[in-house]
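Commentary on secondary and tertiary structure
Chain residues, written in single-letter form:
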Amino acid sequence: MSSTTVAKPLARRASRGGSPRRKWTVEQIVFTTLNTTFLVTLAALMIYPLLNTLAISLNDGMDAVRGGIGIWPRAFSLQNYNVVFNMSTIYQAFFMSVLKTVVVVVTNLFFTSMLAYALSRKEFIFRRPITLIFVLTMYFDAGLIPNYLLIKDLGMLNSFQAYWVPTIISAFNLIILRTYMKSLPDEIIESARIDGAGEFRTWWQVVMPLCKPTLAVVGLFVAVGSWNSWLDTLLYNSSDPALSTLQYELQKLLASSMNAGMNSVAATGSAASGGQVTTPIALRSAITMVAAVPILFVYPFLQKHFVSGLTIGSVKG
Amino acid sequence: MTDPVSTLVTPVSTLVTATGLEPALEPAGSSRAQNRKARKNAAKDPKRKITWDRVWAQRALLAMSVPLLMYQILFKYVPVYGWAIAFQHYKPGRGSIWNQKWVGLQNFHNLFTGVNGERFRRVVVNTMGQSVLTLIVGTFGAIVLALLLNEVKNLPLKRILQNITYMPHFLSWVIVASLASVALSLPSSGGFINQGLMSLHLVDHPVLFLTQPNYFWGIVAGTNLWKELGWNTILYLAAITAIDPSLYEAAEVDGAGRYRKMFSITLPSIRPTIVVLLIINSGWILTTNFELPYFLGNGLVSDKSETIDVFVLRYGYQLGNYSLAVVAGIFKTIVAVILVGSANLAAKRLNQETLV
Amino acid sequence: MKRDLRLGVLRGTGRRLTVAATAMALIALPACSPDNSADKNNSDTLSPSNPTTLSVWITTAQQAPAPDNKITKLLKDKLGVTIKYEIVTPDNEDQKIGVTLAGGQYPDLIGTGDLKQRFLEGGALLRLDDMLKTGAYPNLAAHVKDDIKKMSYSGDQVDKGLYIFPNYNRFYGDVTGGVYYGPAFWIQKRVLADAGYPDLSNMTLDRYFQLIADYKAKHPQTDGAPTVGFEVLASKGREWGMTNPPALLAGSPNNGGVIVDSNNHASIYADKDVAKNFYNVLNKEYNAGLVDPESFTLTQDQYNAKLATGTVLGMHDQGWDFGTATQSLQSAHKDEYTYVPLMPVYPGVKPWYQDRAVMNINQGFGVSVSSKQPKKALKFLDTMLSEEWQKTLSWGVAGEDYQVGADGVFSRTDQQRKNYKDVTWRASNRLDALLDMLPKHNGKFSDGNAYSPDDQPAEFYATLSDYDKNFMAKYGNKKTWTDFVNKAPQNPKYYPAWNIKLSDDANQVNQQLTDTSVQNLPKIIAGKPADFDKNWQAYVDAIHKVDVKVYEDAVNAGIKDRLANW
């Protein structure tokens, strides 16, 4: 570990690209300026639509229909969020989404990394055929109906298991982890072997800690995928309201709002008694913010794992 | 409509790899042939027979992998019996899959020939075109962005920039398609791209981008780029930070400038990553995201906009014709396997990292 | 021992246990039967002392009721019924239907809007004719009596008979209502006002576009944005806005993709002169700058936004489609930007834009074959169809959601009207999802009130804005917006042709035809006038590549069938 602390300051200084004397040449100034300008412009381009969505979500529904809103709401209103949070199913759905995501991430990371470890060992006889069998699964799908029948026959319909059992191993994440583990220096494994550790111990106590950054990345991918998925709720768990997830409920809310738009032209000759409380476009924006914000905050927490701890090279040096 | 599992994978991402170690070991000036020979010799194990002893010795590894293999076979391979639907006139509800009317290759005939066939061929070309363009633009963009972000020395700024660039990934495709539609419209409808072009005097009249079929692939690639760029750089950046810093120091001593360092150290170090990802993505050429061409497409550009998934929705699911959906799926799989196999083989020939 | 049991062969202890168990059951049974028979008499009634839980599948965009919903409570208190909902939105319907049918397990009641009748033909529903004949379901029997032939399934996948109760437009008494929901060429009120409220009878396409052109010349800008003359509706799922007008212009009611002549023979009109003439006019107007070049690339949101900003002078659309835009304009007090329906037709033809609302056959509730309590389920539907419950479901609770006047006419306060439009309020006070699929007492109740507050004439007048009142007065004291369109003549016997169930091949051809139109029409409309004939010919050729005969034959077969059986 001491070699890491030595390597870090060196890494920072070296990756600066500047000489240790910290003198800024003209080239550096020009490049840094251009680079920073470019990146900031890019960031602005990327954040604008999100700010726009936020602005629309905070805008009165009737007014939002006219379009033309920038990054500030034209007619401020919290009504859209009111509608979302007054939905009776939202808190249960949020809880279920969180639970599902956590369970899926934990099981995924555990089993995938275990398998990745086994497949990263060069001496493992069945390494290639097993890898092939997993890799092929990235390219075919049996279809909606057979998958459904399998879940039904396993008795997992309308159960929490349907959320995590079918998705334990993703071949793509497997490849990510396997490749990273393959690249770890052999000396580490050997020294563990010499210390008398078996495969499980080697995996759990030696390799896994070194894999933190990769696990963080894979965990993030899995978390986002699980958080956003609603097809499994629709197909397998739609009969049980307690198992509904946030994305699915929000989708239904949006559909009902679009429907209300059509029905509300009826009722009265005019909107003298007040228009609808919200409109599909404004509600969709509010739903997007509610669905995306929780997961948006996961990455910054994981970011620290990406930056540090990746100085494997220093062990070698 | 999208498979939840497929949302776990991004079309262009990278592998974290510190295989940067291997190239680092090579002397700077060695020839490729020498490398290849050296590598072959190093990796060659004497052919050993699979004996019970060896298997028993590796029982721990087997315990780690075989149960999961069984699991995967159950959940992924066993349901493939459902491909039988492709050979039936499938009407759900008449009992089981085996209780259906068998029609042999008629569904294939329906899909690949006649009016449908003409449309399907065009649709396959569109899917490939959009995918390949997206892949190239996306990979290139992500690498460039990773390199540029790497050059940012101010750490807080770097983190903020990175955090912002991946935010579009979290917007749903429906919203992104809607935003793209607005962005590409007339200035009076909020189309700021046209506003920008006109204020820069690059065009006299606003351009109706969405009415031009030949722009559509570019629009898809561009929108994909905007949405996924930051997300795709996550792994590239992580890979770059894994590069041994002593390499940079050595290059510094040799008097290498910024660009030299990029081309001689950074890029070669993440090359295996790039290659493996390209191999994986080559298999996904026929799998595009469904929402963007569906919502952005319209009558004027449908020759170039309709993809396989959109076609399957309109002629498969919406007509209750599940058999057609399965036939298209089988077609996609066959093409995918061929492409991945070829890419993997090509990588092996070119002496790069391979997938299997 | 264990192995033997698994093989289904009972030996030794196992067998003895089974015999003992059977003996006990046999002994116990007679003791149970008096209770059983008493139960049997009550077991099919719905009462609080006999609680029932009905599982219900509903395809709807309406939301499920909130847990504190007051009508849910009423159902439980008065009938002992609890409903377990499974709600599937129409977008997700295709996939969910597929897997549910494959799985074979259905809830008690299935509320389906599927025009392809997948549940019906997949054998998921019970044939109800015999049950209705028993007389235990008076409301339902009266509901179907006159139209049972129409409502019954007449295909060949399952036995012919009644399976589904149509959920809309089985009318009792007169049809009332003020708002026009059907198709029309709409025009902004300010255009007509500016033109001096011209006579709207004998409207032609040329006059229509002339009105628009004149106004646009005078007012090229609307509130800072350029005025758009005519918007072609062509967004996803709304392509009929572009493809239907020719039929209406030719005086045919909305039969979908075909025109049915006086001999009851249907043929497509997309490649005929009635279509060619219309698109020729559109093409001319496009090149005169009256048609929005963005028409073909707008999403539904953008279309609504354009309408809501008041910049669009006219479009062809159906009244229910742009409700949000209308509401937005009204809430901004811009009534002059809202629309009024016009009915241009070709010379010598009488307009038939407004038709009598058609019954939604094969859409609504059916009882599933796997239900363990079909009698109770059917009884539930029957009870819900009573006038008392219909009033509760449709209007709400008297005194809370509406007032009964001294003359028995229902009315509402402004607050009640506001609640009615509030999505969150509705979740706690109405059973929208259930009501969407239930058979309804459309039309009028026996006390003269309209079935729905939406159709109650008094409600309509009470909330009409002054501008609109003034506008209607200028047109010879018309009373409602439906007065602006033709009086709906009696529907032909087979009407409408667009919900005839087609074979799979015909369905595919229909889709291909739609796609051909969507691909070619924009080019034709937006092309140069000199290229019109060339473009049109290319379009006709593309149509003839498709096997149109399959489609036409299927429609004609359906028409013949309806003429014979209805």
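Note that the coordinates shown come from a computational prediction; the quantities given were computed from them, not determined experimentally.

**Notes on the overall build of chain A**
Each helix and strand counted, chain A has 17 helices and zero strands in total. Counting the 317 residues in chain A, one finds 59% classified as buried. Surface summary for chain A: the accessible area is close to 12900 Å², and the carbon and sulfur share equals 67%.

**Considering the overall build of chain B**
On a plain count of helices and strands, chain B comes out with 16 helices and two strands. The buried share among the 356 residues of chain B stands at 55%. For chain B, long-range pairs separated by at least 24 residues make up 68% of all intrachain contacts whose partners lie at least 6 apart in sequence. On chain B, roughly 15700 Å² of surface is accessible, and the fraction owed to carbon and sulfur atoms is 65%.

**A look at the interface of chain B and chain A**
Contacts between the two partners involve 96 residues from chain B, matched on the other side by 98 residues from chain A. In this assembly, chain B packs against chain A so that about 9300 Å² is buried in total across both faces, 75% of it on carbon and sulfur atoms. The tally of links between chain B and chain A comes to one salt bridge. Between Arg258(B) and Glu27(A) there is a salt bridge, and its shortest N-O distance comes to 3.5 Å. Linking chain B with chain A are 14 residue pairs in polar contact (both at pLDDT 80 or more), by the criterion used here. Split into classes, the residues belonging to the side of chain B that touches chain A amount to 64 nonpolar, 19 polar and 13 charged.

**A closer look at empty space enclosed by the protein**
The final tally for this structure, using the stated rule, is eleven cavities of 30 Å³ or more. Computed from the structure, the second largest cavity encloses a volume of approximately 150 Å³. Considering the residues around the second largest cavity, the lining is formed by 16 residues, among which Lys91(B), Lys116(C), Arg118(C), Glu121(C) and Asp504(C) are closest to the centre. The set of elements that each furnish at least two residues to the lining of the second largest cavity consists of helix H5 (118-121) and helix H23 (504-526) of chain C. Residues that form the lining of the second largest cavity fall into these classes: four nonpolar, five polar and seven charged.

**Considerations on the sheet that holds strand E9 (residues 228-231) of chain C**
Residue and element names in this part refer to chain C. Taken together, the four strands give an open sheet; going across it, the order is E9-E12-E6-E13, and neighbouring strands pair in mixed fashion. Each having just a single partner strand, E9 and strand E13 (339-342) make up the two edges of the open sheet. The mean angle between the axes of side-by-side strands here comes to 25 degrees, regardless of whether they run parallel or antiparallel. Sheet analysis places strand E6 (residues 183-188) next to strand E12 (residues 312-318), joined by five bridges and oriented antiparallel. If you follow Trp186 over to E12, its bridge partner there is Met315.

**Concerning the interface of chain B and chain C**
Contacts between the two partners involve 41 residues from chain B and, on the opposite side, 33 residues from chain C. Here chain B packs against chain C, burying approximately 3200 Å² in sum over the two surfaces, 49% of which is carbon and sulfur. It is Val115(B), Leu300(B) and Leu319(B) in chain B that bury the most area against chain C; as a group they hold 17% of the surface buried on that side. Inspection of the chain B/chain C interface yields three salt bridges. Residues Asp515(C) and Arg119(B) are paired through a salt bridge, measuring 3.2 Å at the closest nitrogen-oxygen approach. Linking chain B with chain C are 20 residue pairs in polar contact (both at pLDDT 80 or more). Contributing elements (two or more residues each) for the side of chain B that touches chain C: helix H6 (114-150), helix H8 (173-183), helix H13 (291-296), helix H14 (302-305), helix H15 (308-317) and helix H16 (322-349) of chain B. For the side of chain B that touches chain C, the class distribution of residues is 16 nonpolar, 18 polar and seven charged.

**Let's talk about the environment of Ala282(A)**
Residue and element names in this part refer to chain A. Mapped onto the secondary structure, Ala282 falls in helix H15 (residues 280-296). Given a relative accessible area of 0%, Ala282 falls into the buried group. Placed 186 residues apart in sequence, Ala282 and Met96 show a C-alpha to C-alpha distance of 25 Å.

**A closer look at the pattern of salt bridges**
Overall, the coordinates contain 43 salt bridges over all chains when judged by the stated rule. Two residues, Glu228(B) and Lys227(B), come together in a salt bridge whose shortest N-O distance is 3.6 Å. Owing to a relative accessible area of 3%, Lys227(B) belongs among the buried residues under this scheme. For Lys276(C), the salt bridge goes to Asp533(C), with nearest N and O atoms at 3.8 Å. Of the two residues, Lys276(C) sits in helix H13 (residues 273-287) while Asp533(C) sits in helix H24 (residues 532-545), which places them 257 residues apart along the sequence.

**Details of the side chain of Ser152(C)**
Within the element layout of this structure, Ser152(C) appears in the loop between helix H8 (148-151) and strand E4 (165-166). Residues contacting Ser152(C), with those up to four places away along its chain left out, are Gly161(C) and Leu162(C).

**Some remarks on the pairing of strand E3 (residues 109-112) of chain C**
Here is the key point about a regular strand: its side chains alternate between the two faces of the sheet. Residue and element names in this part refer to chain C. Side-chain alternation along E3 places Leu109 and Gly111 on one buried face and Ile110 and Thr112 on a second face that is also buried. Relative to E3, strand E1 (residues 52-59) runs parallel, the two being bridged by three bridges. Bridging across to E3, Val56 finds its partner in Leu109. With four bridges connecting them, E3 and strand E14 (residues 364-367) associate as antiparallel partners.

**Concerning the confidence of the model for chain A**
All names here are of chain A. Put simply, chain A has an average pLDDT of 80, and 82% of its residues get 70 or more. The weakest mean pLDDT in chain A belongs to helix H17 (residues 312-316) at 32; the strongest belongs to helix H5 (residues 90-120) at 94. Confidence over residues 264-274 falls short of pLDDT 50; this stretch has 37 contacts with residues more than four positions distant or in other chains. Segment residues 308-317: pLDDT under 50, and 17 contacts once partners within four positions in sequence are set aside and those in other chains are kept.

**What about unusual backbone geometry?**
Residues and elements named next belong to chain C. For the peptide bond that leads from Tyr495 to Pro496, omega is -5 degrees, which places it in the cis range. Note that Pro496 resides in the loop between helix H22 (466-474) and H23. With phi around 55 degrees, Tyr197 is a residue other than glycine that occupies positive phi space. With respect to the element layout, Tyr197 can be found in the loop between helix H9 (189-194) and helix H10 (205-218). Backbone geometry at Asp223 places phi at a positive 50 degrees, although glycine is not the residue there. Topologically, Asp223 is positioned in the loop between strand E7 (221-222) and strand E8 (225-226).

Rules and cut-offs
- Residues numbered from 1 in each chain as written.
- Chains lettered and ligands numbered in written order.
- Predicted model: local features only at pLDDT ≥ 70, side-chain atom pairs only at ≥ 80, totals over all residues.
- Heavy atoms only, no water.
- Helix = DSSP H or I, 4+ residues; strand = E, 2+ residues; numbered from the N terminus.
- Buried < 20%, exposed > 50% of the residue type's maximum accessible area, 1.4 Å probe, protein only.
- Areas by Shrake-Rupley, 256 points an atom, 1.4 Å probe, with all protein chains shown as cover.
- Contact = heavy atoms within 4.5 Å.
- Buried area = accessible area lost by both parts, 1.4 Å probe.
- Salt bridge = Lys/Arg side-chain N within 4 Å of Asp/Glu carboxyl O.
- Polar contact = N/O pair within 3.5 Å; in protein donor to acceptor, adjacent residues only side chain to side chain.
- Nonpolar A, V, L, I, M, F, W, Y, C, P; charged D, E, K, R; others polar.
- 1 Å grid on protein atoms, 1.4 Å probe; cavity = no way out; pocket = protein on both sides within 12 Å on 5 of 7 lines; lining within 4 Å.
- Points joined across faces, edges and corners; volume = space filled by probe spheres on them.
- Pairing = 2+ DSSP bridges.
- Axes fitted to C-alpha atoms, helices over the stretch in contact; angles between N-to-C directions.
- pLDDT = per-residue confidence, 0-100.

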